[in-house]
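So the chains spell out like this:
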Amino acid sequence: MALIVCVKAAVGAPYLLGDCPFCQRILLNLEEKEVPYQMHLIDTANKPHWFLDVNPEGKLPLVKFDDKWVPDSDVIAQTLEAKYPRPSLVPRSEYASVGSKIFGCFVTFLKSKDATDGSEQALITELSALDEHLIYHGPFANGQDVSAVDCDLAPKLYHLEVALGHFKSWSVPKDLVHAKINVHEVAFRPGTILEDTAS
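Residues numbered from 1 in each chain as written. Predicted model: local features only at pLDDT ≥ 70, side-chain atom pairs only at ≥ 80, totals over all residues. Heavy atoms only, no water.

Counted according to the given criterion, the structure contains five aromatic pairs. Aromatic pair Trp50 and Trp69: ring centres 6.3 Å apart, planes at 45°, arrangement tilted. Within this pair, whereas Trp50 is found in helix 2 (residues 49–54), its partner Trp69 is found in strand 5 (residues 68–71), the two being separated by 19 residues in sequence. Taking the relative accessible area as the measure of exposure, Trp69 reaches 15% and is therefore buried. Their ring planes at 55° and their centres at 5.5 Å tell us that Phe103 and Phe106 sit as a pair that is tilted. Pair noted here: Phe103 and Phe106 are both in helix 4 (residues 102–111), with a separation of three residues, about one helical turn. For Phe106, a relative accessible area of 5% puts it in the buried group. Aromatic rings pair up to connect Phe22, Phe103 and Phe106 into one cluster. A cation over an aromatic ring shows up here: Lys168 above the ring of Phe109, its NZ or CZ 4.7 Å from the ring centre. (Phe/Tyr/Trp six-rings, centres within 6.5 Å; stacked < 30°, edge-to-face > 60°. Helix = DSSP H or I, 4+ residues; strand = E, 2+ residues; numbered from the N terminus. Buried < 20%, exposed > 50% of the residue type's maximum accessible area, 1.4 Å probe, protein only. Lys NZ or Arg CZ within 6 Å of the ring centre and 35° of its normal.)

Dropping the structure here:
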């Protein structure tokens, strides 16, 4: 039986997948585990009544496990691993935190209005550490196998490239080839999209 998964729809295009890296993380987890799912795209500007009835705070992503709706991408990812342990996406313990500081550094740099505050260099430092890790331990964060770390990190790297390119005309340095996401080649291929009428 397919899981019901609610994720953010694109702004102004409610029939397309939106720009939420946390929703995309869960979709990647589901795809890697080959778990059947039915996807509801939720227009965050016009959330359907049935969605708010089961999820009053309106958080996304949201997944229905058995008869319980579960928000929060961390909890969802842990639940998926517990319910669908094969293939495992659990990384080796020493690789579990690879790239974990990148998103925070990206947000700080994106919001920064002071070119001398060190936020750009902090991001480059974290991206360089990821690049070096992938050179010596890759091609994925966990070595030869895709893990939950990659599912979490890939959408964030994609958003980093898009947002910083748009707002700051900045991109990941070309020499960090292993940490750089080609935004023109990334494509999320989600499962079945349902109308927002079922609960």
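Across all of its chains, the model carries nine salt bridges by this definition. Between Asp66 and Lys83 there is a salt bridge whose closest N-O contact spans 3.0 Å. Separated by 17 residues along the polypeptide, Asp66 in the loop between strand 4 (62–65) and strand 5 and Lys83 in helix 3 (residues 73–83) bring together distant segments of the chain. Here Lys83 falls in the partly exposed class, since its relative accessible area comes to 39%. (Salt bridge = Lys/Arg side-chain N within 4 Å of Asp/Glu carboxyl O.)

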